[in-house]
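# Residue-level structural notes
Listed here are the chains, written in short residue letters.
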Amino acid sequence: MTSNRLSQETSPYLLQHKDNPVHWQPWGAEAFARARREDRPVLLSIGYAACHWCHVMAHESFEDGATAELLNEGFVSIKVDREERPDVDAIYQASLALIDEHGGWPLTMFLTPEGEPFWGGTYFPSTARFGRPAFPDILRRVLDVYHREPDKVTTNAAAIRAALERLSKPKAGGGLGPDVLERAAARLAQQVDPVHGGLGPAPKFPQPAVLELVWRGWKATGQPQLFDAVTLSLDRMSRGGIYDHLGGGFARYATDRQWLVPHFEKMLYDNAQLVELLCLVWQETQSPLYAARIAETAEWALREMVVDGGGFASSVDADSEGGEGRFYVWSESEIDGLLGPDADAFKEAYDVTPAGNWEGKTILNRSHGAIFADDALEETLARCRAVLWKARETRAKPGRDDKVLADWNGLMIAALANAGAVFATPRWIDSAAAAFAFVRERMSADGRLRHSWRRGEARHPATLDDYAAMSRAALALHEATGERHYLDEAETWVETAGRHFWDEPAGGYFLTADDTEGLITRTKTAFDGPVPSGNGILTGVLARLYHVTGKDQYRARAEKVVTAFSGEASIQFSAMAGLLNGNDLLHNALEVVIVGERAAPDTADLLRALNGVSLPNRVLSMVTPGAELPAGHPAAEKGQIDAKATAYLCRGGTCSAPLTDPSALGEAVATR
């Protein structure tokens, strides 16, 4: 007799379903063996803990006894946390796209007992509505086709399998020419909403990698429309309801064009990427709005997302008390009661009205009026926010998915290391270092990373994204601290990725290692998802390693990655922004070498000047007096002038004259 077997899992998402009447099985050989033995189709349901529509489908269908009976009698039902198994999710999201369905979560796929998909969709309602058929009717129809028309199942599965195999062989090209970045940035800037910023109509996602690409285009060309596209987008997001004005942090996306109404879940990866992008643009604009959002978001991460031991949790749910966004919204009467004589000023600034701006409640935002008021009013508003935040803390909080994911931690580690250096905040760098140590020490076994950790258990094979993001995090900490072991760690992980993920001779890296079991195919792509692709991140990592170490093997490998995907990347700009950003670093790096004792005041002055300039292609090397750069580095054998901390700027194999004055260094890097 089969039963629900999710109680032994560690994923918060899977544990949310452990009491369902559905006989859920975890992903694995045992479930598929049962499907083969009993000749049953497999229902594969993929979601994640913070997913609103996953909760809706669970409540409507998976908690319903009649639906559970249909599933238990006819299917082997497998539940997967897409954050724990991004490799599984990638295969079946691609499968769904191949049958001309929009992807997303919950993902609902029907598989053969061999794991091959033959049909699917996303959310299905329990009764026919939204133009979608009822889930029970779908289940009956799938069973009927599976048993009465098996040829249809076989034909569909074979066609999808063949198409998946083709997807793992991307269109190569002759590399990416020097004009690709400028063309991509110009085209993408044209797609930015000229009123509210962001790309496309509603729903709107932040897309930091795309905005970074446009910013790089502005740095390369000086075209004002590129600057405006990025700053408008960041201004509107930072002022809108997608931002949590009381607790800090950005929600996953906005459901409207104006960035007012978020889908209230907060994801670690969105906030990491936005902190990095805001830092990069702040270095140019010195915007107090960006500085505030960087600090508030960093503090949110340290306050709300750190687990015991120093790693970062994955996400915060959209729902609480059975409803989406209830934790975050306010009524006018609540505001009046809490703020008293300050209420009117706060309501004017934060769009609080009797009718509210969303379902009779108010989502706090500062989308209208001046970005900041006078100092006295801003002090009042800050005091009001503190009062409301304290009151909000007494509400039932949304659930937190506290599993630690190596790739998402890598993104936040890099963001905090960089922000800590830019804003001279050692505590952020220390937190980044603690999270790095957590992943390195608790999420490794037999010299290999693991993807997920929770409740003392490291589980699941690491993906390419894990190695890429953690290598990038190591290099960010190497720049921020000067500690050599971070560079060594990056080189070790890159070597491991090459040994287990590299596609020889075609080039590029597979998402999964050569010894990952139980998958019907190995995907290989440079298409970005909510985070830049592993191939895109690794291109930047390899480029940085080449410039730091002088080892030509890294340059050659980065060029092979770019070439492997260049046939697509030269056309599909927004989908491969991560790869284009890495390619820009490879070919246009500004190598900054500072010779000096890191703790010395004159070294700190040079670093402060350097960190005040937006340099997306900066590669920093700190050299202790008397130490040597790698042979072949353009600044090799260069040292201090008059025993002062000294900087050299190198590009294309040649270096500037030595610079010891911080102002001169700032001016010099600003013109390169």
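Our subject is the structure listed above.
Structure report, in brief.

### Regarding the sheet that holds strand 19 (residues 646-651)
Ordered by their spatial adjacency, four strands build an open sheet running 18-17-19-20, and the pairing between neighbours is mixed. Sheet topology places strand 18 (618-623) and strand 20 (654-655) at the edges, where each strand pairs with a single neighbour. One ladder, built from six bridges, connects strand 17 (residues 590-595) with strand 18; its direction is parallel. Counterpart to Val593 in the pairing with strand 18 is Ser621.

### Considerations on the nonpolar core
The biggest cluster of nonpolar side chains holds 161 residues, and the ones touching the most others in it are Phe312, Phe436 and Tyr509. In terms of nonpolar packing, the next biggest core, distinct from the first, is built from 22 residues, Leu44, Leu96, Leu164 and Ile520 among them.

### So, unusual backbone geometry
A cis amide bond links Trp105 to the next residue, Pro106, at an omega of 5°. Tracing the chain through its elements places Pro106 in the loop between helix 5 (86-98) and strand 4 (107-111). The residue after Ala202, namely Pro203, is reached through a cis peptide bond having omega -5°. By secondary structure assignment, the location of Pro203 is in the loop between helix 8 (180-190) and helix 9 (208-221). One non-glycine residue, Arg455, lies in the positive phi region at around 50°. With respect to the element layout, Arg455 can be found in the loop between strand 15 (448-454) and strand 16 (457-461). Overall, the relative accessible area of 58% leaves Arg455 in the exposed class.

### Thoughts on the state of the cysteines
According to the stated counting rule, one finds two disulfides in the structure shown. Each disulfide pairs two cysteine sulfurs, and for Cys51 the partner residue is Cys54, the sulfurs being separated by 2.3 Å. Of note, the bridge from Cys51 to Cys54 carries an S-S torsion of about 80° and is right-handed in sense. As far as burial versus exposure is concerned, Cys51 and Cys54 are alike and both buried. Residue pairing for Cys650: its cysteine sulfur links by disulfide to Cys655, the two sulfurs lying 2.1 Å apart. Taking the sign of the S-S torsion, about 100° here, the bridge from Cys650 to Cys655 comes out right-handed. Looking at Cys650, the relative accessible area reads 0%, which means it is buried.

### Observations concerning the packing of aromatic side chains
The final tally for this structure, using the stated rule, is 28 aromatic pairs. Measuring from ring centre to ring centre gives 4.4 Å for Phe346 and Tyr350, while their planes differ by 20°; the resulting arrangement is stacked. With Phe346 and Tyr350 both in helix 14 (residues 343-350), this residue pair falls four residues apart, about one helical turn. Comparing Phe346 with Tyr350 shows no difference in burial state: the two are buried. Aromatic rings pair up to connect Trp24, Phe62, Phe75, Phe110, Trp119, Phe124 and Phe135 into one cluster. The aromatic ring of Tyr48 is capped on one face by Arg82, whose charged end is 4.6 Å from the ring centroid. One residue, Arg82, lies across the ring of Trp105, its end atom 4.0 Å from the ring centre.

### Notes on the sheet that holds strand 5 (residues 117-121)
Across a sheet, strands are paired by hydrogen bonds formed along the backbone, either parallel or antiparallel in direction. The five strands are arranged 1-3-2-4-5 in an open sheet whose pairing can be described as mixed. Single-partner strands in this sheet number two, and they are strand 1 (24-26) and strand 5. The sheet shows a mean angle of 30° between the axes of neighbouring strands, direction not considered. Examined bridge by bridge, strand 1 and strand 3 (residues 76-81) share three bridges and lie parallel to one another. Along strand 3, the bridge assignment pairs Trp24 with Ser77. In the packing of helix 2 (residues 29-38) onto the sheet, contacts are made with strand 1, strand 2 (42-47), strand 3 and strand 4, and the angle to strand 3 comes to roughly 160°.

Scoring rules and cut-offs
- Residues numbered from 1 in each chain as written.
- Predicted model: local features only at pLDDT ≥ 70, side-chain atom pairs only at ≥ 80, totals over all residues.
- Heavy atoms only, no water.
- Pairing = 2+ DSSP bridges.
- Helix = DSSP H or I, 4+ residues; strand = E, 2+ residues; numbered from the N terminus.
- Core = buried A, V, L, I, M, F, W, Y, C linked by side-chain atoms within 4.5 Å.
- Buried < 20%, exposed > 50% of the residue type's maximum accessible area, 1.4 Å probe, protein only.
- Disulfide = S-S within 2.5 Å.
- Phe/Tyr/Trp six-rings, centres within 6.5 Å; stacked < 30°, edge-to-face > 60°.
- Lys NZ or Arg CZ within 6 Å of the ring centre and 35° of its normal.
- Axes fitted to C-alpha atoms, helices over the stretch in contact; angles between N-to-C directions.
- Contact = heavy atoms within 4.5 Å.

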